[in-house]
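Descriptive analysis of the structure
Here's the letter readout for the chains.
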Amino acid sequence: MENITQGISVVDADLRLVAWNRRYMELFDYPPELIYIGCPVADLIRFNAERGECGPGDVEEHVRKRVQYMRAGSPHIFERVRSDGRVIEMRGQPIPGGGFVTTFTDVTHFKRTEQALAEAKQALELRVEQRTHQLKEALKAQEAAKQQAEEANVSKTRVIAAASHDLLQPMNAARLFVTALQQSAHDASEQELVQQIDSSLRGAEELLSALLEISRLDAGALSPTMTPVCLQDLLDSMRAQFGALAERRGLRLRIVPTSLWVQSDRQWLRRILQNLISNALRYTCHGRVIVGVRRTGSQVRIDVW
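As the structure is a computational prediction, the values presented were derived from the model and not from experiment. (Residues numbered from 1 in each chain as written. Predicted model: local features only at pLDDT ≥ 70, side-chain atom pairs only at ≥ 80, totals over all residues. Heavy atoms only, no water.)

1. Focus on the environment of Gly52
Mapped onto the secondary structure, Gly52 falls in the loop between α2 (41-50) and α3 (59-72). In this structure, the C-alpha to C-alpha distance between Gly52 and Arg82, residues 30 residues apart in sequence, is 8.3 Å. (Helix = DSSP H or I, 4+ residues; strand = E, 2+ residues; numbered from the N terminus.)

Structure below.
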């Protein structure tokens, strides 16, 4: 008993102290003259109650209540918070034939850890609640931004469709004037000039048509139209469209002849070539730009160098 960490006290059937250990004396700081064999346990309870160790209330009521527990032989477990902040857990058990044994354990460290865990849990729950609120607000803001973007995209699509449709009208009229001019052209040079103008107008018309298709693409209604395409005709239109630009920049635009046909969307393929050749002429400082076709198995690769 002297070497265990718990305090122990044993009382007989007459509720008098008959055994205890050193730890019991240390926990309650009893004066030596108070503890002796045969000491009434009521005196010990009264001593503790007068020091406030039993909590608020009448001293004799505390004595009566605890003596009653022991007389009834009722097992009990309760915790007492000492004035110095220590927490003592007391477990009482009746002894067969009369008497009572009580163990006293200092559970201060355990209680402090338990309190720290409870505070950490509460703080974590508060952080989770705050973070959840922040995420909800962020999702609301994101949804609002998405809705604004969708509305702006719809407005953009409508503007592009309207503007492209309106611009196509004078473009069609210009091509009609070119047709009339072609009929009145007398020599070969005038015919060639009119053809170049017509080719350029056709390219601009196809670009405007592309803007109309963008609006259909946004609506999910655009799909490629696959048809046989003569690559030589396509390359000839590129030469007519970009030949004058290459001359102004002091570059040589060479287009290698080909007899190959492909299965593709003619307008989309034309736009791809227009973009590549336009960039090549824009970013080539001197020399030449070559456009050619290579067969690779059952497919065809168009190169712009």
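Continuing now.
2. Concerning the sheet that holds strand β7 (residues 252-255)
If you trace the three strands from one edge of the open sheet to the other, you get β7-β9-β10, paired in mixed fashion. Each of the sheet's edge strands pairs with one partner strand only, and the pair in question is β7 and β10 (299-304). Geometrically, the sheet is characterised by an average inter-axis angle of 15° between neighbouring strands, direction not taken into account. Sheet topology note: the strand β9 (residues 288-296)/β10 ladder contains six bridges and is antiparallel. Each residue of the ladder has a partner; that of Arg295, found in β10, is Val300. This element, helix α6 (residues 231-248), spans β7, β9 and β10 of the sheet and lies at about 175° to β7. (Pairing = 2+ DSSP bridges. Axes fitted to C-alpha atoms, helices over the stretch in contact; angles between N-to-C directions. Contact = heavy atoms within 4.5 Å.)

3. Points about the packing of aromatic side chains
Scanning all chains against the criterion turns up six aromatic pairs. Ring geometry for Phe28 against Tyr30: centres 5.5 Å apart, planes inclined by 20°, an arrangement best described as stacked. Residues Phe28 and Tyr30 agree in their burial class; the two are buried. With 5.8 Å between their ring centres and 50° between their planes, Tyr30 and Phe47 make a pair best called tilted. Of this pair, Tyr30 sits in the loop between α1 (22-28) and α2 while Phe47 is found in helix α2, placing the two residues 17 residues apart along the sequence. Residue classification places Phe47 among the partly exposed residues on the basis of a relative accessible area of 21%. Here a set of aromatic residues connected by ring pairs shows up, and it is made of Tyr24, Phe28, Tyr30, Phe47 and Phe104. (Phe/Tyr/Trp six-rings, centres within 6.5 Å; stacked < 30°, edge-to-face > 60°. Buried < 20%, exposed > 50% of the residue type's maximum accessible area, 1.4 Å probe, protein only.)

4. Quick look at unusual backbone geometry
Look at Leu15: it is not a glycine, yet its phi comes out positive at around 60°. Position of Leu15 relative to the elements: it lies in the loop between β1 (7-11) and β2 (17-20). Overall, Leu15 belongs to the buried group, its relative accessible area being 7%. One non-glycine residue, Asp29, adopts positive backbone phi at about 50°. Since its relative accessible area comes to 56%, Asp29 is described here as exposed.

5. Examining α2
Every buried residue belonging to α2 is among Val41, Ala42, Leu44, Ile45, Asn48 and Ala49, and all of these are buried. Projected down its long axis, α2 carries its buried residues within an arc of 160°, all on one side. Downstream of α2 by a residue or two, Gly52 has a phi angle that is positive, lying close to 80°. (Arc of directions from axis to C-beta.)

6. A short note on the pairing of strand β5 (residues 100-106)
Alignment of β1 against β5, held across five bridges, turns out to be antiparallel. In the sheet register, Val10 faces β5, and the bridge partner there is Val101. As paired elements, strand β4 (residues 87-94) and β5 share seven bridges and run antiparallel to each other. For Ile88, the partnering residue across the bridge sits in β5 and is Asp106. The loop that links β4 with its antiparallel partner β5 comprises five residues; one of these, Gly97, has a positive phi angle of about 90°.

7. Digging into the confidence of the model for the protein chain
Mean pLDDT over the protein chain stands at 83; residues scoring 70 or higher make up 91%. The secondary structure element of the protein chain with the lowest average pLDDT is helix α5 (residues 188-218), at 72, and the one with the highest is strand β6 (residues 227-230), at 96. (pLDDT = per-residue confidence, 0-100.)

8. A few points about the sheet that holds β5
Adjacent strands of a sheet pair through backbone hydrogen bonds, lying either parallel or antiparallel. One open sheet holds the five strands; their spatial order is β2-β1-β5-β4-β3, and the pairing between them is antiparallel. Each of the sheet's edge strands pairs with one partner strand only, and the pair in question is β2 and β3 (76-81). Adjacent strand axes in the sheet meet at a mean angle of 20° when their direction is disregarded. With six bridges joining them, β3 and β4 adopt antiparallel strand pairing. Paired with Ile77 across the strands is Arg91, a residue of β4. Taken strand by strand, α3 contacts β1, β3 and β5, and its axis lies near 155° from that of β3.

9. Here's the deal with the nonpolar core
Counting 21 residues, the largest nonpolar core has Val11, Phe28, Tyr30, Leu44 and Phe104 as its most contacted members. For this core, the elements supplying multiple residues, two or more each, are α1, α2, α3, β4 and β5. With four residues, α2 is the largest single contributor of residues to this core. Excluding residues that lie within four positions of it along the chain, Tyr30 makes contacts with Tyr24, Met25, Ile35, Leu44, Phe47 and Asn48. Grouped together as the second largest cluster of nonpolar side chains are 19 residues, Leu234, Ile255, Leu260 and Val289 included. (Core = buried A, V, L, I, M, F, W, Y, C linked by side-chain atoms within 4.5 Å.)

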